[in-house]
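# Observations on chain architecture
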Amino acid sequence: MSMLDGLRLLDGLRFRNISSPIHKIDPRAKFVYVCALFFVAILFNQIIPLLILFLSQVPLVIIARVKKEWLRLIRGSIFFAALIFAMNVISLYFYGGYPSLASIIEHSLAMTLRFIVLVESFSIFFLTTSPDIFGLSLEQMGIPYEFCFAFTTAIRFVPVLAEETQTIMDAQRARGLELESGGFIKRIRNYIPILIPLIVNAIRRSLELAEAMESRAWGASKKRTNLYALKMGGKDYCFIIISIIIILISIYVWLFIKIPSITQIMQL
Amino acid sequence: MGQNGAGKTTLVKHFNGLLKPSKGRVLIDGIDTRHVSVATLARKVGFVFQNPDHQLFSETVEDEVSFALKNFGFDEKTISERVEKVLNILDLTHYRKSSPFMLSGGERKRVALASVLSWDPKILILDEPTIGQDSYQKERLRQFIMQLNQQGKTVIIVTHDVEFVTECEPRIILMKNGRIIADGDAREILTDPNLVSEASLVLPEITQVFMRLNDYGFPRNVIGVYEAKRLILERLSGGFMR
Ligand SMILES: Nc1ncnc2c1ncn2[C@@H]1O[C@H](COP(=O)(O)OP(=O)(O)OP(=O)(O)O)[C@@H](O)[C@H]1O
Ligand SMILES: [Mg+2]
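The residue count restarts for each chain, going from 1 along the sequence in the order it is written. Labels follow written order: the first chain is A, the first ligand is 1, and so on. Side-chain atom pairs in this predicted model are given and counted only at pLDDT of 80 or more, local residue features only at pLDDT of at least 70, and totals for whole chains, interfaces and linings cover all residues. Side-chain measures here rest on the full set of heavy atoms in the structure, leaving out hydrogens and waters.

The next subject is the packing of helix 10 (residues 145-173) of chain A against helix 12 (residues 192-215) of chain A. Residues and elements named next belong to chain A. Where helix 10 contacts helix 12, the two axes come as close as 10 Å, and the packing angle between them is 140°. Viewed along their axes, helix 10 and helix 12 adopt a mutual orientation that is oblique. In the packing of helix 10 onto helix 12, the handedness of the crossing is right-handed. Across the interface between the two elements, Phe-149, Thr-153, Phe-157, Val-160, Leu-161, Glu-164, Thr-165, Ile-168, Met-169 and Gln-172 from helix 10 touch Pro-193, Ile-194, Pro-197, Leu-198, Asn-201, Arg-205, Leu-209 and Met-213 from helix 12. When its residues are assigned to classes, the contact of helix 10 with helix 12 shows 12 nonpolar, 4 polar and 2 charged. Axis definition: a line fit to C-alpha positions, over the contact stretch in the case of helices; interaxial angles, taken between N-to-C directions, run 0 to 180 degrees. The secondary structure listing takes helices from DSSP runs of H or I that are at least 4 residues long and strands from runs of E that are at least 2 residues long, numbered from the N terminus. These descriptions rest on fixed angle ranges, namely under 35 degrees for roughly parallel, over 145 for roughly antiparallel, 65 to 115 for roughly perpendicular, and the rest for oblique. Left-handed describes a crossing whose near helix is turned anticlockwise from the far helix by less than a right angle; the clockwise case is right-handed. In this description, contact between two residues means that some pair of their heavy atoms is separated by no more than 4.5 Å. Three residue categories are used. Nonpolar comprises Ala, Val, Leu, Ile, Met, Phe, Trp, Tyr, Cys and Pro, charged comprises Asp, Glu, Lys and Arg, and polar comprises the others, including Gly.

With that settled, the discussion passes to the interface of chain A and chain B. Contacts between chain A and chain B engage 19 residues on the former and 24 residues on the latter. What counts as buried area is the accessible surface, traced by a 1.4 Å probe, that two parts surrender upon association, with contributions from both included. Buried surface at the junction of chain A and chain B, both sides included, amounts to about 1800 Å², of which 61% is carbon and sulfur. It is Ala-174, Arg-175 and Arg-204 of chain A that lose the most area in chain A upon contact with chain B, and together they represent 38% of the buried surface on that side. Basic side-chain nitrogens of Lys or Arg form a salt bridge, by our definition, when they fall within 4 Å of a carboxyl oxygen of Asp or Glu. At the junction of chain A and chain B, the tally comes to 3 salt bridges. Of the charged contacts in the structure, one is a salt bridge between Asp-170 of chain A and Lys-13 of chain B, with a shortest N-O distance of 3.5 Å. Any N or O atom pair separated by 3.5 Å or less is treated as a polar contact, with the protein-specific requirement of one donor-capable and one acceptor-capable atom, and with residues adjacent in sequence counted only for side-chain atom pairs. Taken together, the connections running from chain A to chain B amount to 7 residue pairs in polar contact (both at pLDDT 80 or more).

The pLDDT averaged across chain A works out to 85; a share of 94% of its residues lies at or above 70. In the model of chain A, helix 1 (residues 2-12) of chain A stands out as the element of lowest mean pLDDT, 64, in contrast to helix 13 (residues 234-256) of chain A, which has the highest, 92. pLDDT gives the predictor's per-residue confidence on a scale running from 0 to 100.

To continue, consider the site of ligand 1. Residues and elements named next belong to chain B. Definition of nearness: a residue and a molecule or strand are near each other if at least one heavy atom of the residue lies within 4 Å of the molecule or strand. Around ligand 1, the surrounding shell consists of Gln-3, Asn-4, Gly-5, Ala-6, Gly-7, Lys-8, Thr-9, Thr-10, Gln-50, Glu-128 and His-160. The backbone of Gly-7 places a nitrogen or oxygen atom 2.9 Å from an oxygen atom of ligand 1. Taking Thr-10, its side chain carries an N or O atom lying 2.5 Å from an oxygen atom of ligand 1. Expressed as a share of its isolated accessible area of 640 Å², the protein-covered part of ligand 1 is 44%. Classifying every residue of the shell around ligand 1 gives 1 nonpolar, 8 polar and 2 charged. Computed with the Shrake-Rupley method and a 1.4 Å probe, the accessible areas treat only the protein chains shown as cover for residues.

On to the domain arrangement of chain A. The split of the chain into domains comes from an automatic or database domain assignment. As assigned here, chain A comprises domain 1 (1-129) and domain 2 (149-219). For domain 1 of chain A and domain 2 of chain A, the distance between their C-alpha centres works out to 28 Å.

This paragraph deals with the coordination of the magnesium ion (ligand 2). With distances of 2.0 to 2.8 Å, the protein atoms coordinating the magnesium ion (ligand 2) are Thr-9 of chain B (OG1) and Gln-50 of chain B (OE1). Taken together, the positions of Thr-9 of chain B in helix 1 (residues 8-12) and Gln-50 of chain B in the loop between strand 3 (45-48) and helix 3 (61-71) put the pair 41 residues apart, joining distant regions of the chain. Shown as donors are all N, O and S atoms within 2.8 Å of a metal ion, widened to 3.2 Å for Na, K and Ca; because water is not in the atom set, sites may appear incomplete.

Let us now look at the domain arrangement of chain B. Residues and elements named next belong to chain B. Domain assignment breaks chain B into domain 1 (8-202) and domain 2 (204-242). Spacing between the C-alpha centres of domain 1 and domain 2 amounts to 33 Å. Between domain 1 and domain 2, the residue contacts involve 13 residues of the former and 12 residues of the latter. Contact between domain 1 and domain 2 buries roughly 980 Å² in total, counting both sides, with carbon and sulfur atoms accounting for 58%. Scanning the region where domain 1 abuts domain 2 turns up 1 salt bridge. Arg-187 is paired through a salt bridge with Glu-227; the nearest N and O atoms lie 3.0 Å apart. Counting across the interface, domain 1 meets domain 2 through 4 residue pairs in polar contact (both at pLDDT 80 or more). Elements with a contribution of two residues or more to the side of domain 1 that touches domain 2: helix 6 (135-150), helix 7 (162-166) and helix 8 (186-189). A per-element tally of the side of domain 1 that touches domain 2 places helix 7 first, with 3 residues. Class assignment of the residues belonging to the side of domain 1 that touches domain 2 gives a composition of 5 nonpolar, 2 polar and 6 charged.

Here is the structure:
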């Protein structure tokens, strides 16, 4: 089921058409903000700053009115989070040279939290930015239209693909296919009847899409103009400035303030 | 039958356990679908999906048709017999070694049907089987369905094709907005203009003609072409015209 879970996770990133102050911010400004969050998340590897970072995003999610989708995404990433946690604990236990089990667990938790913060900031961006607007901003940043179009189309087809995977699985199960049966090799082989129709349909659909686009004169005029143009406004610059301040503060904290670990705090 | 989005596909997916009821229960031959796997139920309930491209994956038509038979653990000899037979019934024998992906839409649909018929399920569900079939294939399919029915099998067809249904004279269930709005004989339901329009269908053409002919003493509730032919010929040979 993991393939489907992965698709569902991607589907969770799908833009929902609602409006909020966050939705209205220019995607380029939001992108700078996400980069700032990424930077901070990579900079620190202690629990406390990562936790602060995680919690500080919650008000933003609420303002953006995407709480439900966001929660679903976080829940969806729990599987990967658990995997990261387990791998960290195991590798630190054998190669880490950490003084105690408690500190190993704390460090692994921090790494897991880092992953969740990355997912979180990523999801805020995609949940509040329509693929069209995103494509438009890529285009205005000078990326050739063909690439922008391919990108937005790919995003658009994720939910279609998720639904189709479900239908194909249903159709094959109705013919007696048992996905969860057999040993390791057998289980992988079980996915062949699902992957082949999925790939064939994707190819067929892209050919059809190409034909439909060409019959509607796609690419006929060399110089495209857009009906909408993105313009950075005052609040967009504000958002960028906030992002830069976040980066500066965290560099300051990282350089000059010693952050205690939870295990140390508990020992006091 | 019923309008797009009425819930027909959703309903029939409950019959082989692909969907489980959130309230109440679904019994197939006395077995609660919540307690058995889809693969177990599938042995009894064959389900042909609306779009054949959601299931075709094999290199040859033959392999495609034997896929389910292998899953259900039939032996080699039975498999080849069954494949032979079902390819013959669905007029696919000459495509035996072809790739299913190279066939036309209507042919792919028949391969999908063959791949389910092959294990001879007791209950057969067909989701829109007539889409893309020419009238010759439709007639063959109809006769085959009637034959299955006479062998005591339950055949459930989801369709918008009124003319296809009339000749079979089945029990009809009309759906709308996730609910059943009518359940009864084809003759009774398909000749009721209100019900038919509520389900976004049209009256069978024969019925439309016979409603007009009512003034001449013909019955109103005629749905089949063959019945219509018989009634008209009887009248003509009686030499009685008003
Ligand atoms: N997985 C799902 N989750 C929620 N709603 C769904 C799901 N699948 C279908 N629906 C909705 O349920 C309703 C019934 O869908 P269904 O596919 O059963 O219709 P149908 O009667 O088969 O229509 P058609 O004639 O177009 O095939 C539709 O409104 C559809 O949008
Ligand atoms: Mg349907």
